[in-house]
Structures are given as C-alpha cells and as structure tokens.
Amino acid sequence: MSDTATSARDLPVPARGQSLRFYGIWVIAAIVLIVLPLLFSSGSSLTSFSLIGIAIIFALSYNILLGQTGLLSFGHAVYYGLGGFAAIHVMNAVTAYDWPIPLPFIPLVGGLGGLCFAAVIGWVMTKRAGTVFAMISLGIGELVASSSLILRSVFGGESGITTDRTALPHMFGWSFGPQIQVYYLIAAWVMISAIAMYALTRTPLGRISNAVRDNPERVEFIGYDPHVVRYLASCFAGLFAGVAGGLTAINFEIANSAYLGAVQSGLVLFATFIGGTSYFFGPILGAILVTYLQLGLTNLTTVWQLYFGIIFIGIVMFAPGGIAGLLMMHRPLVRSGTLGMVIPSYLLALVPTLVLVCGVILGIETIAHYTESQGQGNVIALFGIPFDATAASTWIIAAVMIVGGYAVARITWRRIVDAWDRATTDARDRGHLA
Amino acid sequence: MTQAIEIRNVEKRFGNVGIIHDLNLSVAQGERHAVIGPNGAGKSTTFNLISGHIAPTSGEIRLNGDLISGLRPFEINRRGLSRSFQVTNVFARMTVWENVRCAVLWATGQRYAFWKNVDDLPEVRQRTAEILDDIHLLHRRDVPAGLLTYAEQRELEIGITIAGGASVIMLDEPTAGMSRAETERAVALIRRLTEGRTLVIVEHDMSVVFGLADRISVLVYGHIIASGTPEEIRNNPKVKEAYLGEEGH
C-alpha cells in the first residue's frame, strides 16, 4: 500500500509543465485582437472583425452543448436573440432613467437575459438528450421566434427595437460611437468569454459534461444526475450566447426577430460543426471562416447559400472532426517528425483538386446566371476572367474541368492515403501514436 | 448488524410477463456473494433492480438498512453502492485517467462545481492515481478508453466501479470473454480491491464462483431456489437438478 502512495505522489501535475505554453497562447490571442485593427483599419474590415468576434463567442457557447455535453440544439439563437433584446431594453432604460451603467457592462445584461431564459426553459428541455432534446429545442426556437412577431411591445414587431449606444454613460472618455471603439469592446468580451468558457471545460462540471456526452447511463452509476449536468451546461451556453447577443445589439444598435430565428440557429450549428466540436478552438476557426465566407460570398455570388451547403456536406462526409479535427490529425506526425512524408502528396493533390473546385464553381455560376438573367448581361467574371454564360464553350470548359479534375484528383487522393499509411506506421514505430 | 443488501418479496413484471417473482436475498456486511443461474434466469435484472436501473413492481430492497427500491441509480450510488456492467460501459472518448477521475469526483465532494480547476484537486488526483495503480493501468493513463484492449477495458470497468469508495460493490460477469490467464489476473484483482467491502458478483465461470464466493445464491426463472456456502450449494439436490445438472455432469 505504501508503494501505491509513493507512486501516486510522484505523478507530475498534468497542467503545470505546459502552463507557460498555455498562457502564451492566450497572450498571443490578446495581442492579435489588439493589433488586427491597426493592420487592417478600413471600415469594412473593422465591421468584419466585430462580427467575427461576436460569432466566436456565439459558436463557443454552442459548443458547450454540442461538443462538451453532446446536445444537438436547433434553437440556440433563442438565447442569443433574447440576450440581444434584454441588452436593447436595458440600454434604452439606462438612457431614459439615467442609470449609471456604462456601455461595456451591457453584454453582461445580455448574458443574464440568456441565462434567465435557459434557467427557466432548460430544466424541461434537458430532461432527455438525443433526438428528444433536438426536437424540443427546435420547437422552443420556433415558439420564441413566432412570439417575437406577435408580442410587439417587447420585440418591436418586424422592424425591431432600436437604441443609441452613445447615449449611455461614457467610460474612459470613450463614446463608443466609432466602430473601432466598438471593436475593442467586442474584443475584450471575446477574451473574457473565451477564457471563461475554456476554464469551464477544466472544472469538475466540465469533465462530467464530457462523461454525460460519452455515456449518460454510466454517469448515473458514479453518483451524478445527467439531467442536472445537462441543465447546468445549457445555463452556461445560454449565458454566453446572451453575451454574444448583447454585443450584437450594441454593434447594430438594433434587435429584431431575425436574431432569434432558425436561420441564426442554423448558422451557429454550421460554424461550430465546420470548425470542429472535439477541440475547444474548433468553433473559433469555424466562426471565423463562416462569418468571413458569409460576408465575402454574399458580395460575390447570388447563390452563396449553395456553397455553404456544399461545404457543410463535404465536412460532414469527409471530415466529421471539422477543421480542428483535420489539423489535430497531424499532431502525432509533427511530433514524430514524419509530417514531411505526407506534405508532397498534399502539394501534388492541390493542382487537380483546385481545377475540380474551379470547374464546379464555374458550372454553378454559369447555371445560376443562365437561369436568373434570362438572356441579358450574359458575361460573368470569375477569377478575373470573363465568361459568357450562353456560350457552349463555357459549359464545355466547366465540364472538362470537373470530369478531368476529378479523374486526376482521385489518383492524387489515393497517394495521400498511401502516404498517410506510411507516415502513421512510422509514427507508431517511434511511439508517438497509440 | 444490518445486512448490506436485503431484498424482500421483490417482483418485476414487464407488462404481463413476470421476470422476477418472490425474490428474497440477503447479503451480510463484508460478504462475497455470488449469484449464479442459467441464461435468462434474471441475474442481470436482479442487478438492475438493486442498482436502481429499473424499479421493482413490488417488494422492497434495502441497502445497509435504508430503503432504496424506487430510487434513481445516482441516489443509490451516493448511498454507497456501485456496480459494473456485463458489456463494457466506459467513457470511450475520454482518457483512462479522466474515466477514473470522473468516478472519483462525487465521492470526494466536488458535486457540480464549476468554480474549481479539476487538475488542481490534490485529493482527486491522489485517489485517481491510486485506483489506476491498483488496476495496473497507470502506464495507459493518457490513452482514450475506447482504444484499450478488451481486457484492459474490463479492468477499467472495475476501476470505475470501485473508484467512488462504495461499501457495496456489484460486478456483472467481470471475467466474461477473458482468457484463462486474464481471468486469473482479474480474480486476483477483484479479491484484492474488494477487501473489507461487500461484494455481489454474477459469474458464469464456476471456478471463479467457487474460488471467490463466501456464499452463493442460485437464481432460476426469476426465483432464488437456494442460498448457502459453496459446499451447501454443491450438495443441494435442487441446485443439481435445476442448474448444475444442465451442465452435463
């Protein structure tokens, strides 16, 4: 028995050795958030960064449910939207009654709004996991979204409720009129929320949430009630979704029923899943990519939702771990130094795959343009090259690129698989893979 | 002294089908008790009834004198009863370390804490390391449980079961599917880890049963036909007829 005690005491504390690297990542993240607007100072990039920041908080809050606790929600925007409305009403009240609440604390109000709703409705919602939870979340989402159009005094009907963020008490002499000041407010809340949500994953509740995700039945036999665990997780998810909603209300100075709707719920699911639910940073990547695509694609093409759909299906089918999962697959290879064995096969596959992708894009755009424009303004510009949507040559080029690109790409994809086999075998031999 | 487990007149029906009828069983404190019986006799159902996985239709079950029939599994677990499963039932995506640590959390009073760093709890870390050392999986601590070998998963299953420090341990066919050598290892492990605790075990391997148990109960068609020491069971004519006879001796 004394043997046991010594060997147990000799165990290193798991976190301490990596603490420097760990804090380093957060410091770098903070520096990036501070420096970004100095490098890209145009109005449109500031707007994009603000939206991306909000999307990061929202997606991370969603992953408390999906990735950490295994709850698939189709109504997460309810917390986000109600947080936004709570923030708007308090902002207007602060202005009307001269309450001494400065603007930087308003996201907290949004968070409390989300938390309150989660605390009330969550107990019923989380009674069961799986399909039952998904269906209830869908129902609650529709219920709240439709009531927002009926209860005009609270939600302002279709036009929503507006506010003036500069009318609130100022802080540090900032009026929060200019977008740059709003950006820094959002950035600060991104840091606070991300650190808080990361810390949550490292608490007893966070780990038991993982256990509930993996095996709710067994959790009952180690003393925990999975219902309580799911309930608490959904409260935290509601809290941080509400913070994101509050920031949106500040950013746009408006809250309307679109915040609560199924489209918003779908987008956050989309961003979280594409980013990857298994790692904490996955939803961050997903939120950046999806927001960026959403802002960029809507200017470029009328059928941007089609591309979203294709990307989503592609990720679900070929990379269920999302972008984070794809990246982390390479970690054992990096550690064992066998990454170099797969890189050449990637580069080789890049060219035919790009040809295939461009062919698909050309095909989609040509068809979209042909069906939409009814013969007027046939020329579309893609990759800086003008194409005539009615010309047979355009259709033939697209077809050749798709068929030819796919035929060649298939061969190069097989080479990737082979290279991976060799690299993982080597990594295993060197003891870097279980 | 109160019995560790006391089952009185328990009946379980699924619709019109009676699975368990007039079940009476008592297990003394510190006793190693084996439940045997042919396939479909209701051994696993009995386990599920005691551990709260399913509620009895009628009758009462007591743990250390307290009425537990009708309580939820986690409530029964908190009163000091822990069970393993016949089919490996671990947290597949979490590491071996985290599997055992989760099982330690409630017992060390962490409850649903969201204000503590789980890596910074010395008592939890200490106990987790001890359990892993006990089940010989310390060297596999960072491997996801789903990637363990079958025998290792069975050991982890036992580790999770004992980690909470329950006074009554119930193991459902802990050696099922194991080789001879693995079985011997597992039996030695069980004997050592359940020292000073009450053990209820369901097992098909008769050498394990007769080697390990202080007392044996024989369950046939949802009813206990005999209860006694291994010697008494071996010589009981009813048992011979109903159960051992089937084995073709």
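What counts, and at which threshold
Residues numbered from 1 in each chain as written. Chains lettered and ligands numbered in written order. Predicted model: local features only at pLDDT ≥ 70, side-chain atom pairs only at ≥ 80, totals over all residues. Heavy atoms only, no water. Helix = DSSP H or I, 4+ residues; strand = E, 2+ residues; numbered from the N terminus. Rg over C-alpha atoms; globule rule 2.2 N^0.38 Å. Buried < 20%, exposed > 50% of the residue type's maximum accessible area, 1.4 Å probe, protein only. Contact = heavy atoms within 4.5 Å. Areas by Shrake-Rupley, 256 points an atom, 1.4 Å probe, with all protein chains shown as cover. 1 Å grid on protein atoms, 1.4 Å probe; cavity = no way out; pocket = protein on both sides within 12 Å on 5 of 7 lines; lining within 4 Å. Points joined across faces, edges and corners; volume = space filled by probe spheres on them. Expected span 1.5 Å × (residues − 1). Pairing = 2+ DSSP bridges. Axes fitted to C-alpha atoms, helices over the stretch in contact; angles between N-to-C directions. Phe/Tyr/Trp six-rings, centres within 6.5 Å; stacked < 30°, edge-to-face > 60°. Lys NZ or Arg CZ within 6 Å of the ring centre and 35° of its normal. Buried area = accessible area lost by both parts, 1.4 Å probe. Salt bridge = Lys/Arg side-chain N within 4 Å of Asp/Glu carboxyl O.

A. Main features of the overall build of chain A. Helices and strands together make up the secondary structure of chain A, namely 18 helices and four strands. Relative to a compact globule of 434 residues, whose C-alpha radius of gyration would be 22 Å, chain A shows 25 Å and is just as compact. With the C-alpha coordinates aligned to their principal axes, the bounding extent of chain A is approximately 80 × 65 × 45 Å. The proportion of buried residues among the 434 residues of chain A is 49%. Restricting the contact set of chain A to residue pairs at least 6 apart, pairs at least 24 apart contribute 76%. A total accessible area of about 20,400 Å² is found for chain A, and carbon and sulfur atoms account for 70% of it.

B. Structural context of empty space enclosed by the protein. All names here are of chain A. Summed over the entire model, instances satisfying the criterion amount to one cavity of 30 Å³ or more. In this structure, the largest cavity is lined by 13 residues; those nearest its centre are Ile64, Gln68, Met197, Leu200 and Thr201. If you list the elements that add at least two residues to the lining of the largest cavity, you get helix H3 (43–69), helix H8 (179–201) and helix H9 (204–214). A per-element tally of the lining of the largest cavity places H3 first, with five residues.

C. Structural context of H3(A). With 27 residues, H3(A) ought to run about 39 Å at 1.5 Å a step, and its terminal C-alpha atoms sit 39 Å apart, in line with that. With 24 of its 27 residues buried, H3(A) lies for the most part within the structure.

D. Molecular detail of the sheet that holds strand E10 (residues 223–228) of chain B. All names here are of chain B. With respect to topology, six strands assemble into an open sheet ordered E6-E7-E8-E3-E9-E10, the strand pairing being mixed. Where the open sheet ends on each side, the last strands, each with one partner, are strand E6 (81–83) and E10. Averaged over all adjacent pairs, the angle separating strand axes in this sheet is 15°, with direction ignored. Inspection of the sheet shows strand E3 (residues 32–36) paired to strand E9 (residues 215–220) by four bridges, in the parallel sense.

E. Highlighting the packing of aromatic side chains. Applying the stated criterion to the full structure yields 28 aromatic pairs over all chains. Between A:Trp174 and A:Phe176, the ring centres sit 5.8 Å apart and the planes meet at 65°, which makes this aromatic pair edge-to-face. Judged by its relative accessible area of 30%, A:Trp174 falls in the partly exposed class. Every member of this aromatic cluster is reached through a ring pair, and the members are A:Phe40, A:Phe49, A:Trp174, A:Phe176, A:Tyr183 and A:Tyr184. We note B:Arg83 situated over the ring of A:Phe221; from NZ or CZ to the ring centre the distance is 5.6 Å.

F. The interface of chain B and chain A, seen in detail. Between chain B and chain A, the contact holds 47 residues from the first and 36 residues from the second. Overall, the association of chain B and chain A removes approximately 3,800 Å² of surface from exposure, summing both partners, and the carbon and sulfur fraction of that is 59%. Of all residues in chain B, B:Phe91, B:Arg93 and B:Tyr112 give up the largest surface area on contact with chain A, accounting jointly for 18% of the area buried on that side. Across the pair B:Glu98 and A:Arg207 runs a salt bridge whose closest N-O atoms are separated by 2.1 Å.

G. Region of interest: the pattern of salt bridges. Enumeration according to the criterion identifies 19 salt bridges over all chains in this entry. Across the salt bridge formed by B:Asp119 and A:Arg202, the nearest N and O atoms sit 3.3 Å from each other. Residue B:Asp119 is located in the loop between helix H3 (96–105) and helix H4 (122–134), and its partner A:Arg202 is located in the loop between H8 and H9; the two belong to separate chains. A single burial state applies to B:Asp119 and to A:Arg202, both of which are buried. B:Arg180 is the salt-bridge partner of B:Asp205, the closest N and O atoms lying 3.6 Å from each other. With B:Asp205 in the loop between strand E8 (198–202) and helix H7 (206–212) and B:Arg180 in helix H6 (residues 180–193), the pair connects residues that are 25 residues apart, well separated along the chain. A network of salt bridges, in which partner residues are shared, links A:Arg202, A:Arg207, B:Glu98, B:Arg101 and B:Asp119.

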